[in-house]
Amino acid sequence: MSDYARIADAIRFIASQVARQPTLDEIAAHVHLSPFHFQRLFSRWAGVTPKRYLQVLTLERAKALLHESRSLLEVADTLGLSSGSRLYDHFVQLEAVTPGEYKQRGAGLVIDHGVHDTPFGQAFVALTPRGVCNFSFLDDQAPEAPLAALAQRWPAAELREAPSRTQGVIHTMFDDSKAPDRPISLHVSGTNFQISVWRALLEIPPAKVVSYAQVASAIGNPKAARAVGLAVGANPVALMIPCHRVIQQNGKLGGYHWGETRKQAIHAWEAARYE
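Now for a look at the structure at hand.

What counts and how
- Residues numbered from 1 in each chain as written.
- Predicted model: local features only at pLDDT ≥ 70, side-chain atom pairs only at ≥ 80, totals over all residues.
- Heavy atoms only, no water.
- Helix = DSSP H or I, 4+ residues; strand = E, 2+ residues; numbered from the N terminus.
- Buried < 20%, exposed > 50% of the residue type's maximum accessible area, 1.4 Å probe, protein only.
- Areas by Shrake-Rupley, 256 points an atom, 1.4 Å probe, with all protein chains shown as cover.
- Contact = heavy atoms within 4.5 Å.
- Polar contact = N/O pair within 3.5 Å; in protein donor to acceptor, adjacent residues only side chain to side chain.
- Expected span 1.5 Å × (residues − 1).
- Pairing = 2+ DSSP bridges.
- Axes fitted to C-alpha atoms, helices over the stretch in contact; angles between N-to-C directions.
- Parallel < 35°, antiparallel > 145°, perpendicular 65-115°, else oblique.
- Nonpolar A, V, L, I, M, F, W, Y, C, P; charged D, E, K, R; others polar.
- Salt bridge = Lys/Arg side-chain N within 4 Å of Asp/Glu carboxyl O.
- Phe/Tyr/Trp six-rings, centres within 6.5 Å; stacked < 30°, edge-to-face > 60°.
- Lys NZ or Arg CZ within 6 Å of the ring centre and 35° of its normal.

1. Some points on the overall build of the protein chain
So, point 1. Counting its regular elements, the protein chain contains twelve helices and nine strands.
So, point 2. The buried share among the 275 residues of the protein chain stands at 47%.
So, point 3. Total accessible area computed for the protein chain in this model is approximately 13100 Å², and 52% of it derives from carbon and sulfur atoms.

Printed below as a string of structure tokens:
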């Protein structure tokens, strides 16, 4: 069992018991580890103790973050690359596929792809010459699933297995030992509405959250919270377009394309680094 799989099991247990605040001994016993080894494993992975993680899960914390975030996305004119548009202190630049590129369906384009380990399990990464076009967590599915989806989105492109190329994306996202020499570029295809939502998400700083309604207001369409939710769910680039930072108005984390447990894990991981 991988570290993330064991941590995910612990996170599910903590989330199910958060109202009664389980002890370290109880959580460790659930994942069949001694309290000492579990605390060391959890702290090494998340950067916080299990007790601190319990605090991260509380509704009160989420509601406070929502209150603090009221002004993050208030004005649509502020959207675009700014001091808030960072992923782990690295700028993220989003380039939308042009109508001409969409019509060509990837003709003449080489897309490199690879599978890599991350703090949140294995991920499939795909990269065009202009940037990352896909980042998907695998869970129990084989890499063929996201590869097939990639081929459907870019049917005329040449898909090339090249993990040595895509490994750089993982290093940039998760290796804190060195600063990257260039921004992370994303090359994504979506409707104008989806692109506007994804650009708005890039404005949410790490360890902060906003609601679907706040995002809708930010893009100038305050009645479109439900449509925003659909656009968030269609995000093709996990983590880099931080859809995990959008939660329900009542403070609950809500759903997540890659699983609610992983969403909880990402929140704890970011809280350990940015709060």
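2. Concerning the environment of Val97
So, point 1. Relative to the elements of secondary structure, Val97 occurs in the loop between β2 (90-96) and α6 (99-104).
So, point 2. Given the relative accessible area of 14%, Val97 is considered buried.
So, point 3. Taking the C-alpha atoms as reference, Val97 lies 9.8 Å from Cys133; in sequence the two are 36 residues apart.
So, point 4. With sequence-adjacent residues up to four places away left out, Val97 is seen in contact with Tyr102, Trp154, His187, Val188 and Ser189.

3. What to know about the side chain of Glu270
So, point 1. Along the polypeptide, Glu270 turns up in helix α12 (residues 260-274).
So, point 2. Separated by 3.1 Å, the side chain of Glu270 and the backbone nitrogen of Ala207 make a polar contact.

4. Concerning unusual backbone geometry
So, point 1. We note that Arg105 has phi near 60 degrees; this positive angle belongs to a residue other than glycine.
So, point 2. Summarising the element assignment, Arg105 is placed in the loop between α6 and β3 (110-118).
So, point 3. Of note, the phi angle at Leu239 is positive, near 70 degrees, even though the residue is not glycine.
So, point 4. For Leu239, the position within the fold is in the loop between α11 (225-233) and β9 (246-247).

5. Concerning helix α1 (residues 3-17)
So, point 1. Taking 1.5 Å per residue as the helical rise, α1 with its 15 residues ought to reach 21 Å, and the 21 Å between its terminal C-alpha atoms agrees with that figure.
So, point 2. Along its buried surface, α1 packs onto α2 (24-30), α3 (35-46), α4 (50-56), β4 (121-128) and α12.

6. Comments concerning the pairing of β4
So, point 1. Burial analysis of β4 places seven of its eight residues in the buried class, the great majority of the element.
So, point 2. Judged from the seven bridges that link them, β3 and β4 form a sheet pairing that is antiparallel. For Thr118, the partnering residue across the bridge sits in β4 and is Gly121.
So, point 3. With antiparallel pairing between neighbouring strands as the criterion, β3 and β4 make up a hairpin whose turn holds two residues.
So, point 4. Across six bridges, the pairing between β4 and strand β5 (residues 131-137) is antiparallel. Across the sheet, residue Ala126 finds its bridge partner in β5, namely Asn134.
So, point 5. Between β4 and the antiparallel strand that follows it, β5, lie two residues.

7. Description of the packing of α1 against α3
So, point 1. Where α1 meets α3, the axes come as close as 11 Å, and the angle between the chain directions of the two elements is 105 degrees. The angle between α1 and α3 falls in the class roughly perpendicular. Contacts from Asp3, Tyr4, Arg6, Ile7, Ala10, Ile11 and Ile14 in α1 reach Phe38, Leu41, Phe42, Arg44 and Trp45 in α3.
So, point 2. Along the lines of polarity and charge, the residues of the contact of α1 with α3 split into nine nonpolar, no polar and three charged.

8. Description of the pattern of salt bridges
So, point 1. Enumeration according to the criterion identifies four salt bridges in this entry.
So, point 2. Linked by salt bridges that have partners in common, Asp112, Arg160 and Arg165 make up one network.

9. Observations regarding the packing of aromatic side chains
So, point 1. What the rule picks out here adds up to ten aromatic pairs.
So, point 2. Ring centres 6.4 Å apart and planes at 80 degrees place the aromatic pair Tyr4 and Phe120 in the edge-to-face group. Taken together, the residues span a long stretch of sequence, with Tyr4 in helix α1 and Phe120 in the loop between β3 and β4 at a distance of 116 residues. Across the pair, Phe120 and Tyr4 agree in class, each one buried.
So, point 3. In textbook terms, an aromatic cluster arises when at least three aromatic residues are bridged by ring pairs, as seen for Tyr4, Phe38, Phe42, Trp45, Phe120, Phe174 and Trp269.
So, point 4. Above the face of the Phe137 ring, Arg262 is positioned so that its terminal group lies 4.4 Å from the ring centre.

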